[in-house]
Amino acid sequence: MPNVNRRFLLRERPAGRIDDRTFELVEEAVPEIGDGEALVRTRWISLDPTNRTWIGEIPTYLPPVAIGEVMRAGGLGEVVASNSPNYRVGQLVWGLTGWQDYLVASASAPMMAVPEIADVSPSLYLGALGMTGLTAYVGIFDIGRPKPGETVVVSAAAGAVGSVAGQLAKIEGARVVGIAGGAKKCALLTDELGFDAAVDYKAADWREQLKAATADGIDVDFENVGAEIMEAVFSRLNVRARVALCGLISGYNDDAAAVSAGPRNFGHLLVQRVHLEGFIVLDHFGRAGEIVPQLAGWIAEGKLKAQETVVEGFEQLPVAINMLFDGENTGKLVVKL
Ligand SMILES: NC(=O)c1ccc[n+]([C@@H]2O[C@H](COP(=O)([O-])OP(=O)(O)OC[C@H]3O[C@@H](n4cnc5c(N)ncnc54)[C@H](OP(=O)(O)O)[C@@H]3O)[C@@H](O)[C@H]2O)c1
């Protein structure tokens, strides 16, 4: 077992994009464990757009990561030593691992056992069978509630949450339109993931594409992006449409925009009697036991295809996170240690 614990600490709050001044790599001793504690070796780290919001000045649904603190992140780890009946050596556990090789699990910092399903990569518990799948499920089934034949639009559709959300809406019998950057991602949506149409928002004619793909208007918006894309979708919402406000990634590298940017056509929501609901997946965590088996069932039946982009190497973390903002990932972005 290595005797060094590599950790990325937050050194400086970024004024825009994360860069090489944002984090500092330190090497510390592997922590000792006491009674009732277990030592966990991190194996996979989840990279999420919200990680960027956690290192800004402005508190979100969690307090900002403090300067000098290890970067917060969800991850999967393996129990490598245990003085607790709750953790078995060799067991795979999930929780807030942070950007570090080792951490201590205890009653005050618990990690959850990960169900082991044959033929499933552990990384899926960070994606379609983890927070990503839960987020897509809540947005589609609790808020969007598409009826068969209705038109659902999903932005950042080739990403982690979007790719699952669109496929769940298809399972419900909706007509699904995905918005993504580039012809390759659009082809993935229609040719492999069963979306009915795709809009390439990087093409000059994207507004016309959206109009053509939603000729009967839009009944459900699964909103991941915000700004101009959200406004264009809002303009096409039908009477009694639903908006599952999941994320606003286009503003995350600008702390002020992330909390304050609103749609210029807000009044359209009133005229169309739209139901808009923001949601945070952490509030629904207690339902994982009921929802994850359903998602696993759809994966086993081939109705849900889990997409992921795997980056290898702990040291890649500070660079890999910007892949989310540059559209370099397809499906869930994870780092394998
Ligand atoms: N509410 C919750 O509890 C919750 C939970 C998880 C995630 N989320 C939100 O869901 C959204 C998607 O998250 P994810 O984890 O699934 O990440 P993701 O979609 O896998 O990755 C981000 C994707 O967003 C697109 N993107 C980045 N910047 C953009 C911009 N300026 N304009 C348009 N598209 C842009 C890129 O795809 P293209 O190549 O298509 O540009 C990129 O691949 C985020 O807004 C996130 O904050 C919310």
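Whatever comes next refers back to the structure up there.
Bear in mind that the values here come from a model prediction, so they are computed numbers and not experimental data. (Residues numbered from 1 in each chain as written. Predicted model: local features only at pLDDT ≥ 70, side-chain atom pairs only at ≥ 80, totals over all residues. Heavy atoms only, no water.)

### Quick notes on the overall build of the protein
At step 1: The number of helices and strands found in the protein is eleven helices and 15 strands.
At step 2: Taken over C-alpha atoms, the radius of gyration comes to 20 Å for the protein, in line with the 20 Å a tight globule of 337 residues would show.
At step 3: Each of the three principal axes of the protein carries a C-alpha extent, and together these read 60 × 45 × 35 Å.
At step 4: Out of the 337 residues in the protein, the part that is buried amounts to 53%.
At step 5: Looking at the protein as shown, the accessible area adds up to about 14700 Å², and 53% of this sits on carbon and sulfur atoms.
At step 6: For the protein, the separation between the mean place of its 30 positive charges and that of its 42 negative charges on side chains is 5 Å. (Helix = DSSP H or I, 4+ residues; strand = E, 2+ residues; numbered from the N terminus. Rg over C-alpha atoms; globule rule 2.2 N^0.38 Å. Buried < 20%, exposed > 50% of the residue type's maximum accessible area, 1.4 Å probe, protein only. Areas by Shrake-Rupley, 256 points an atom, 1.4 Å probe, with all protein chains shown as cover. Lys, Arg positive; Asp, Glu negative; His and termini not counted. Charge placed at Lys NZ, Arg CZ, Asp CG, Glu CD.)

### Here's the deal with the layout of surface pockets
At step 1: Estimated volume of the second largest pocket: approximately 270 Å³.
At step 2: Taken together, 14 residues form the lining of the second largest pocket, with Met112, Pro115, Leu129, Ala288 and Val292 sitting closest to its centre.
At step 3: Among the secondary structure elements, those contributing two or more residues to the lining of the second largest pocket are strand E7 (112-113), helix H2 (131-144) and helix H9 (288-300).
At step 4: For the lining of the second largest pocket, the per-class residue count stands at twelve nonpolar, two polar and no charged. (1 Å grid on protein atoms, 1.4 Å probe; cavity = no way out; pocket = protein on both sides within 12 Å on 5 of 7 lines; lining within 4 Å. Points joined across faces, edges and corners; volume = space filled by probe spheres on them. Nonpolar A, V, L, I, M, F, W, Y, C, P; charged D, E, K, R; others polar.)

### A word on empty space enclosed by the protein
The rolling of a water-molecule-sized probe over the atoms marks out the regions of remaining empty space.
At step 1: All chains considered together, the criterion is met by one cavity of 30 Å³ or more.
At step 2: If you add up the space inside the largest cavity, you get close to 50 Å³.
At step 3: Lining the largest cavity we find Leu124, Gly127, Ala128, Thr132, Ala160, Ser163, Val164, Ala306, Gln307 and Lys332.
At step 4: Per element, the largest residue contribution to the lining of the largest cavity is three residues, and it comes from helix H3 (residues 160-171).
At step 5: Split by residue class, the lining of the largest cavity holds five nonpolar, four polar and one charged.
At step 6: Composition of the lining of the largest cavity by domain shows at least three residues from each of domain 1 (4-126 + 306-336) and domain 2 (131-282). (Domains from an automatic or database assignment.)

### Some remarks on the pairing of strand E1 (residues 4-10)
At step 1: Across the seven residues of E1, five count as buried, placing the element largely inside the fold.
At step 2: Pairing of E1 with strand E2 (residues 23-29), which is carried by seven bridges, proceeds in the antiparallel orientation. Looking at the pairing, Arg7 lines up with Val26 of E2. (Pairing = 2+ DSSP bridges.)

### Quick look at the packing of H2 against H9
How two helices pack is summed up by the angle between their axes together with the distance between the axes.
At step 1: Two elements in contact, H2 and H9, have axes whose closest approach is 10 Å; the angle formed by their N-to-C orientations is 95°. Relative to H9, the element H2 lies roughly perpendicular. Of the residues in H9, those touching H2 at Gly133, Leu134, Tyr137 and Phe141 are Ala288, Ile291, Gln294, Leu295 and Trp298. (Axes fitted to C-alpha atoms, helices over the stretch in contact; angles between N-to-C directions. Parallel < 35°, antiparallel > 145°, perpendicular 65-115°, else oblique. Contact = heavy atoms within 4.5 Å.)

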